[in-house]
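Residue-level listing of the chains:
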Amino acid sequence: MQFENLLIKNKGRIQYIIINRESKLNALNKATLAELHTAFSEAFKNPEVGGIIITGAGQKAFVAGADISEFVGVDAKGGRDIATTGQTNVFDVIENGCKPVIAAINGFALGGGLELAMACHIRIAADSAKMGLPEVTLGLVPGYGGTQRLPRLIGKGRAMELIMTGEMIAAGKAEQYGLVNHTLSQDELLPKAEEILLKILSRGPLAVASAIRAINASCNPGENGFEVEINEFSKCFATNDMREGISAFLEKRNPQFKGE
Ligand code: COA
């Protein structure tokens, strides 16, 4: 697949999706969002891809937000379209994906950039990274799910402060808040992302997909997460992977999961 604003690299069963607009600090313009929709949809369908690491090109930015230059002259209906299309086609697609997605935050993750990272299943950051939702500094609010996902990750009080002040926080504080799981040097960032993803890929892929659905349900007021968990638990019993996992444990060997 060839994209104008993304680089795709495959390393075994790991697919890297790299946002590649370094001169604009990888800001998300419409074209990049459309490409992200295509890239993630393809990755989730491709049986050769086990999981995805998303990062930004260069060492300065993961993503410095939505492309502000595209907001000039947009009216209320246009604003609604931007948020709806972005949430539906990109951010929700990633969050509800059937394969694990890790955000390797290599620098600024601001506005839509932090929202993108928050839509991923796991976030890790370089110690130089800075994160925030500075939309109010532009007279805006987050529109790609930031007001919903940030309080779920760090609590309402901290989210109120971060969103209303528009301040950035450093990676260490983000880890203390639970916004990222690990803080590492730039050199250690991608190896750590790969290490986490390879561990997940050694587990039963159908069970991992079930876990994503059930955990996501815990954050969806429209769903009974306990019911979703019962359903997913039950579905696992219909898989060969579950039989293989149980047999392997009893036979004291490593399981060979086939995703069926
Ligand atoms: N949208 C569009 N362009 C952006 C951008 C964004 N969100 N963030 C950075 N850029 C562009 C700059 O306009 C500049 O382009 P130019 O060289 O053609 O002038 C280039 O990226 C480099 O950014 P610059 O501001 O010069 O870098 P800096 O090191 O001085 O500052 C930031 C870095 C991240 C603090 C600053 O770029 C910034 O505040 N960006 C906007 C963050 C934001 O508000 N995001 C939320 C959007 S809703």
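These lines cover the structure that appears in this document, whether it is placed above or below. (Residues numbered from 1 in each chain as written. Predicted model: local features only at pLDDT ≥ 70, side-chain atom pairs only at ≥ 80, totals over all residues. Heavy atoms only, no water.)

A word on the packing of helix 2 (residues 76–95) against helix 3 (residues 112–119)
Taken N-terminus to C-terminus, the directions of helix 2 and helix 3 make an angle of 35°; their axes are 8 Å apart at the nearest point. Judged by residue contacts, V90, F91, I94 and E95 of helix 2 engage G112, E115, L116 and A119 from helix 3. Its residues assigned to classes, the contact of helix 2 with helix 3 comprises 5 nonpolar, 1 polar and 2 charged. (Axes fitted to C-alpha atoms, helices over the stretch in contact; angles between N-to-C directions. Helix = DSSP H or I, 4+ residues; strand = E, 2+ residues; numbered from the N terminus. Contact = heavy atoms within 4.5 Å. Nonpolar A, V, L, I, M, F, W, Y, C, P; charged D, E, K, R; others polar.)

A closer look at the packing of aromatic side chains
All chains considered together, the criterion is met by 3 aromatic pairs. Ring plane angle 45° and centroid distance 5.9 Å describe the contact between F40 and F44, whose orientation is recorded as tilted. Taken together, the positions of F40 and F44, both in helix 1 (residues 30–45) and 4 residues apart, correspond to about one turn of that helix. Accessibility expressed as a relative area gives 1% for F40, which makes it buried. Here F91 and Y144 contribute two aromatic rings whose centre-to-centre distance is 4.6 Å and whose plane-to-plane angle is 20°, an arrangement assigned as stacked. Placement of the pair is F91 in helix 2 and Y144 in the loop between strand 8 (130–132) and helix 4 (146–154), with a sequence separation of 53 residues. Taken as a pair, F91 and Y144 share a single burial class, namely buried. (Phe/Tyr/Trp six-rings, centres within 6.5 Å; stacked < 30°, edge-to-face > 60°. Buried < 20%, exposed > 50% of the residue type's maximum accessible area, 1.4 Å probe, protein only.)

Section: the site of the ligand
Around the ligand lies a shell of 15 residues, among which K24, K60, A64, A66 and I68 are the nearest. A distance of 2.5 Å separates an oxygen atom of the ligand from a polar atom in the side chain of K60. Within the backbone of A66, an N or O atom sits 2.9 Å from a nitrogen atom of the ligand. Taken by itself the ligand offers 860 Å² of open surface, and the protein chains cover 60% of this. (Near = heavy atom within 4 Å. Polar contact = N/O pair within 3.5 Å; in protein donor to acceptor, adjacent residues only side chain to side chain. Areas by Shrake-Rupley, 256 points an atom, 1.4 Å probe, with all protein chains shown as cover.)

Focus on unusual backbone geometry
At L25, a residue that is not glycine, the phi angle is positive and equals roughly 50°. With respect to the secondary-structure elements, L25 resides in the loop between strand 2 (14–19) and helix 1. On the accessibility criterion, L25 (25% relative accessible area) is partly exposed. Here the phi dihedral of K252 falls at roughly 55°; this positive angle occurs in a residue that is not glycine. Inspection of the secondary structure puts K252 in the segment after helix 10 (240–250). Classification of K252 as exposed rests on a relative accessible area of 77%.

Digging into helix 1
The end-to-end C-alpha distance of helix 1, which contains 16 residues, comes to 23 Å, matching closely the 22 Å that a straight helix rising 1.5 Å per residue would cover. The set of residues buried in helix 1 consists of T32, L33, E35, L36, A39, F40, A43 and F44. Down the axis of helix 1, the buried side of the element spans an arc of 160°, and every buried residue falls inside it. Among the exposed residues of helix 1, those pointing more than 90 degrees away from its buried face are K30 and K45. Buried residues in helix 1 make contact with strand 1 (6–11), strand 2, strand 3 (51–56), helix 2, strand 5 (101–105) and helix 3. (Expected span 1.5 Å × (residues − 1). Arc of directions from axis to C-beta.)

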